[in-house]
Amino acid sequence: MLSGYIAARLEVGLAKHGNPPPDLKAADGGDWGALLAAAQAGDADAYRRFLSAALPFIRALARRRCGSEEEAEDVVQDVLLTVHRIRHTYEPGRPVKPWLTAITVRRAIDATRKRSRIRTRETFDEHAYETFADPQANREVGSDAPRVLAGMTADLSRGQKEAIDLVKVQEMSLAEASAVSGQTIASLKVNIHRAIKKMRLNLSRKPSE
Amino acid sequence: MTRLPDAMLIDALAADTRPVRPLAPPLKRAAATLAAVALVGAAAVLAAANLREFRSLHAGREVLLALEMAAALATGVLAITAAFFASVPGRSRRCSLAPLPFLAAWLLLSGVGCYRELVAGGAGTGSFSGHPEGNSQHCVLFILGVSALLAPPIIWRLGRAAPLEPLSVALLGGLGIAALSAFLLQFFHPFTVTFLDLGMHLIAVLLVIGVAGVLNRRTLVGSQKAPK
């Protein structure tokens, strides 16, 4: 009900301001429904077409809900990942827009809550990562870190190093890391798990071992 | 957060797609779940409840009892149905309010029943139908125990939708489970309900809803599996 109302308001608002995203104006929920139903059956091409067609609709909704362009773009990608995760909840034959709107609104609310939580509880301090006030004192620790890290990651396979780098260092999502590396999401998970296990073991070993 | 270009993310998601079975409509899923609960509940009542004693205990107040039990049952059925609707994105949220009038009627009718018993039995006697005070704790244990038995299959069914708002789904589910447990309790209640007893029933119902609310994310989101 609420999501349907928001979708209707969005369309009215866009019509009033005279600059609707092309796909929002052209594509109707019926076409999207057929594409999404085909995607549920495993049709990758239909799924790609559905996500591409729905992207402007999601982006327009996210921009209205979010405080900044940057946050809206994060929400858009979060919505795409959520759609992928819960695409089985779409009931073929029903309108797609209320379903998509509910997901987008929820993800935008989550992003807003996360932003306010970070603002109220976290403070950025550029000196917080230094262990000592004297820069010279930090140099020794700094120079030792690469050696420790090299020791921890020495016996990781190429796939494990890549999985750790993309997901844990660059903070990509599994789907993003999968797209970049070519590894499947399942193998990324396995590689990360095994890499962390090996690194933990290497860290616990004494240098003489 | 590092972001991929949208086109690349869409390609990755499309490459990862595999057939998934769409969930059945929420009404159908709720009906199937409630039918299973009804079967188990009916079997338990027929096997373990003393229906002759139940009838004689409530002789003279059958209509009030029937209304009270119907209100409790309607609260449970509608709350669980509403939880199934709330678990799916984009479905009407109006049905989340549907159990509330029946909840109010249930509480009101229970209060009326207690008042009539109090007037009929005499104030300050401390017991009715020969049962001493303190038996209310068994009612609390009954509601909590039956709720604990009903909760896992219902939570599992609700979790299949991976609800985006697990708290509201958990609260509705908790209310439904507690109301159905309280409905079943009537068949096993050894004495007519007193105000003290009603208060204990309410505490048990609130406990079930509270536990469901506290565990919402862990139980509902945790019980989902990746679609196959």
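The rules we used
Residues numbered from 1 in each chain as written. Chains lettered and ligands numbered in written order. Predicted model: local features only at pLDDT ≥ 70, side-chain atom pairs only at ≥ 80, totals over all residues. UniProt positions renumbered as here; feature names shortened; annotations may be inferred. Helix = DSSP H or I, 4+ residues; strand = E, 2+ residues; numbered from the N terminus. Buried ≥ 20, exposed ≤ 12 C-beta atoms within 10 Å, placed from the backbone. Contact = placed C-beta atoms within 7 Å. Axes fitted to C-alpha atoms, helices over the stretch in contact; angles between N-to-C directions. Parallel < 35°, antiparallel > 145°, perpendicular 65-115°, else oblique. Nonpolar A, V, L, I, M, F, W, Y, C, P; charged D, E, K, R; others polar. Core = buried A, V, L, I, M, F, W, Y, C linked by C-beta atoms within 7 Å. Domains from an automatic or database assignment. pLDDT = per-residue confidence, 0-100. Expected span 1.5 Å × (residues − 1). Bend = angle between axes of the 7 residues up to and from the residue.

If you check an unreviewed UniProt entry, chain A appears there as RNA polymerase sigma-70 region 2 domain-containing protein from uncultured Sphingomonas sp. Regarding chain A, the relevant UniProt record gives this comment under Sequence similarities (unreviewed entry): "Belongs to the sigma-70 factor family. ECF subfamily."

Trainee: Sorry, what's going on with the overall build of chain A here?
Mentor: Counting its secondary structure elements, chain A contains 10 helices and zero strands. What you see in chain A, going N to C, is helices and strands ordered as α-α-α-α-α-α-α-α-α-α. Relative to its 209 residues, chain A shows a buried fraction of 30%. Taking the intrachain contacts of chain A between residues at least 6 apart in sequence as the baseline, contacts between residues at least 24 apart amount to 63%.

Trainee: I'm lost on the overall build of chain B in this one. Help?
Mentor: Scanning chain B from N- to C-terminus turns up nine helices and zero strands. Its helices and strands taken in sequence order, chain B reads α-α-α-α-α-α-α-α-α from the N to the C terminus. Counting all 228 residues of chain B, 38% fall into the buried class. Partitioning the intrachain contacts of chain B with sequence separation of at least 6 by distance along the chain shows that 87% fall at a separation of at least 24.

Trainee: Sorry, what's going on with the packing of helix H5 (residues 69-85) of chain A against helix H1 (residues 6-15) of chain B here?
Mentor: The geometry of a pair of packed helices is captured by two quantities: the angle between their axes and the separation between those axes. Two elements in contact, H5(A) and H1(B), have axes separated by 11 Å at closest approach and are oriented at 10°. The orientation of H5(A) with respect to H1(B), classified from their angle, is roughly parallel. Taking contact as the criterion, the partners of Gln77(A), Leu80(A) and His84(A) in H5(A) are, on H1(B), Leu9(B), Ile10(B) and Leu13(B). Tallied by class, residues from the contact of H5(A) with H1(B) come to four nonpolar, two polar and no charged.

Trainee: When you look at the interface of chain B and chain A in this model, what are you seeing that I'm missing?
Mentor: Size of an interface, as often reported, equals the accessible area lost when the parts are brought together. Listed per partner, the contact involves 33 residues of chain B and 40 residues of chain A. A per-class count over the side of chain B that touches chain A returns 20 nonpolar, four polar and nine charged.

Trainee: I tried to follow the nonpolar core on my own but got confused; where do I start?
Mentor: Within the largest apolar cluster, 91 residues are counted, with the highest numbers of intra-cluster contacts made by Ala83(B) and Ala178(B). With 12 residues, helix H4 (residues 62-86) of chain B is the single largest residue contributor to this core. Counting residues domain by domain, this core receives three or more from each of domain 1 (2-121) and domain 2 (143-200) of chain A. Not counting the four nearest positions on each side in its chain, Ala83(B) is found in contact with Leu158(B), Val169(B), Leu172(B), Gly173(B) and Gly176(B).

Trainee: Would you take a moment to explain the confidence of the model for chain A for this structure?
Mentor: Should pLDDT be low for a region, the predicted coordinates there are not to be read in detail. Within chain A, residue pLDDT values average 78, and 73% of them lie at 70 or more. This stretch, residues 1-30 of chain A, has a pLDDT under 50; its non-local contacts, to residues over four places away or in other chains, come to 39 contacts.

Trainee: How should the environment of Ile155(B) be read in this particular structure?
Mentor: Residues and elements named next belong to chain B. With respect to the helices and strands, the residue Ile 155 is situated in helix H6 (residues 136-159). Overall, Ile 155 belongs to the buried group, with 22 C-beta atoms counted inside 10 Å. Each C-alpha atom of the pair Ile 155 and Gly 173 lies 7.7 Å from the other, and the pair is 18 residues apart in sequence.

Trainee: Just to check I follow, could you spell out H6(B) for this structure?
Mentor: Count 3.6 residues to each turn of an α-helix, and residues three or four apart come out pointing the same way. Residues and elements named next belong to chain B. Given a rise of 1.5 Å per residue, 24 residues ought to cover 34 Å, and the 33 Å separating the end C-alpha atoms of H6 matches this to within 8%. The largest bend in H6 comes to about 35°, at Ala 151, with the proline Pro 152 one to four residues further on. Along H6, the positions that sit buried rather than exposed are Cys 139, Ile 143, Val 146, Ser 147, Leu 150, Ala 151, Ile 154, Ile 155, Arg 157, Leu 158 and Gly 159.

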